[in-house]
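As a plain string of letters, each chain reads:
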Amino acid sequence: MKLLIVEDNKETRKLISFSLDELKLDIIEAESGKEALKKIELDRPSIIILDLGLPDISGKEVCKIIRENVCKYGTPFIIMLTAETEQKSVIEGLSLGADDYIKKPFDTDELFFRVKGIKSRIKDEIEVLKFGNIRLNISTMTCFLDDEKIDIGKKEFELLEYLIENQGLILSREKILDHIWGGEIDIFDRAVDQCVKRLRGKIPPLKEWLKSKKGVGYVLEI
């Protein structure tokens with residue numbers, strides 16, 4: 001599970017990272033709002049610790065941009081890190097889509113246990129992936145369209161799971177092949193196209209949502 005620390009102070013980033021080491025998270029860092037947005041789009045972190053006082057665009061604006069562009073940035077859990085103590089400022093941040101806040105200077109134990117709790121909640125939630133009216137149960141490898149169970153093969157399930165996890169991103173055939181069929185011999189590029197064709201046939205909305213990008217690959221978006 002990825003966690004992004006967005007903080008312009010290097011020492012504070014190091015302190016946060018060290019405090020969360022025991023949680024075994026894949027921690028990435030950004031020191032500005034613009035850098036954060038690029039990394040969120042590329043790496044899709046599940047949790048973001050977002051400082052409000054950034055040097056370029058404010059943390060509140062970053063939060064607003066994320067929440068208004070779900071396909072591009074996903075739906076990460078956002079913890080605001082703020083030195084502002086006014087209740088009005090905190091409420092404004094929460095109204096823009098932040099999930100929680102911690103005031104500076106923060107207690108590292110409090111930060112640890114808050115993130116630990118969030119990690120547990122997200123782990124439970126990701127057992128079911130949703131896109132539109134499609135649901136994938138990861139533990140049972142079952143697919144539903146509304147309340148109707150759809151019979152899809154293992155590779156079809158893995159491909160749809162990969163597409164949903166990276167919704168809004170253009171995935172090349174090579175990248176899909178490596179992720180779904182990595183290590184298997186006698187696999188050719190057309191395997192991806194054939195798998196996509198079967199998914200579109202079994203799940204009609206995908207004829208519109210699963211789009212081909214000529215000469216590149218595929219993107220899943222509404």
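Since this is a predicted model, take the numbers as computed values, not measurements.

A. The overall build of the protein chain, seen in detail. Looking only at helices and strands, one finds 10 helices and 12 strands in the protein chain. The C-alpha extent of the protein chain, read off along each of the three principal axes, is 55 × 35 × 30 Å. Counting all 222 residues of the protein chain, 44% fall into the buried class. Taking the intrachain contacts of the protein chain between residues at least 6 apart in sequence as the baseline, contacts between residues at least 24 apart amount to 55%. Split by element, the accessible area of the protein chain, about 12100 Å² in all, is 49% carbon and sulfur. Of the side-chain charges in the protein chain, 37 are positive and 42 negative, and the distance between the mean point of each set is 4 Å.

B. Molecular detail of helix 2 (residues 33-43). For helix 2, the full list of buried residues reads Gly 33, Ala 36, Leu 37 and Ile 40. In an axial view of helix 2, the angular spread of the buried residues amounts to 100°, which keeps them on one side of the axis. Along helix 2, exposed side chains directed more than 90 degrees from the buried face belong to Lys 34, Lys 38 and Leu 42. Looking at the buried side of helix 2, the elements it contacts are strand 1 (2-6), strand 2 (26-30), strand 3 (47-51), helix 3 (59-68) and helix 4 (70-73). You can read the cap of helix 2 off the contacts: a side-chain oxygen lies 3.2 Å from the backbone nitrogen of Glu 35, and it is on Ser 32. Arg 44 sits one or two positions beyond helix 2 and adopts a positive phi of about 50°.

C. Fine view of unusual backbone geometry. At the junction of Lys 104 and Pro 105, the peptide bond is cis and its omega measures out at -10° in the coordinates. Within the element layout of this structure, Pro 105 appears in the loop between strand 5 (100-103) and helix 6 (108-125). A positive phi angle is found at Lys 24, which is not glycine, with a value near 55°. Mapped onto the fold, Lys 24 is located in the loop between helix 1 (10-19) and strand 2. Look at Lys 24 and you get exposed, because its relative accessible area is 68%. Residues other than glycine seldom take positive phi values, yet Met 141 does so here, at roughly 55°.

D. Main features of the nonpolar core. Residues Leu 160, Ile 176 and Ile 203 are the most contacted members of the largest nonpolar core, which totals 30 residues. Those elements giving two or more residues to this core turn out to be strand 6 (128-131), strand 7 (134-137), strand 8 (142-145), helix 7 (154-165), helix 8 (173-181), helix 9 (190-202), helix 10 (206-209) and strand 12 (217-220). Ignoring sequence-local partners within four residues, the contact set of Ile 176 consists of Leu 159, Tyr 162, Leu 171, Trp 181, Val 192 and Tyr 218. Ranked by size, the runner-up nonpolar core spans 19 residues in total, among them Leu 4, Leu 50, Ile 66 and Tyr 73.

E. Fine view of the environment of Lys 149. With respect to the element layout, Lys 149 can be found in strand 9 (residues 148-150). By relative accessible area, Lys 149 is classed as partly exposed at 49%. Separated by 14 residues in sequence, Lys 149 and Arg 135 have C-alpha atoms that sit 9.4 Å apart. The residues contacting Lys 149, other than those within four sequence positions of it, are Thr 142, Cys 143 and Phe 144.

Reading the values: the criteria
- Residues numbered from 1 in each chain as written.
- Predicted model: local features only at pLDDT ≥ 70, side-chain atom pairs only at ≥ 80, totals over all residues.
- Heavy atoms only, no water.
- Helix = DSSP H or I, 4+ residues; strand = E, 2+ residues; numbered from the N terminus.
- Buried < 20%, exposed > 50% of the residue type's maximum accessible area, 1.4 Å probe, protein only.
- Contact = heavy atoms within 4.5 Å.
- Areas by Shrake-Rupley, 256 points an atom, 1.4 Å probe, with all protein chains shown as cover.
- Lys, Arg positive; Asp, Glu negative; His and termini not counted.
- Charge placed at Lys NZ, Arg CZ, Asp CG, Glu CD.
- Arc of directions from axis to C-beta.
- Polar contact = N/O pair within 3.5 Å; in protein donor to acceptor, adjacent residues only side chain to side chain.
- Core = buried A, V, L, I, M, F, W, Y, C linked by side-chain atoms within 4.5 Å.

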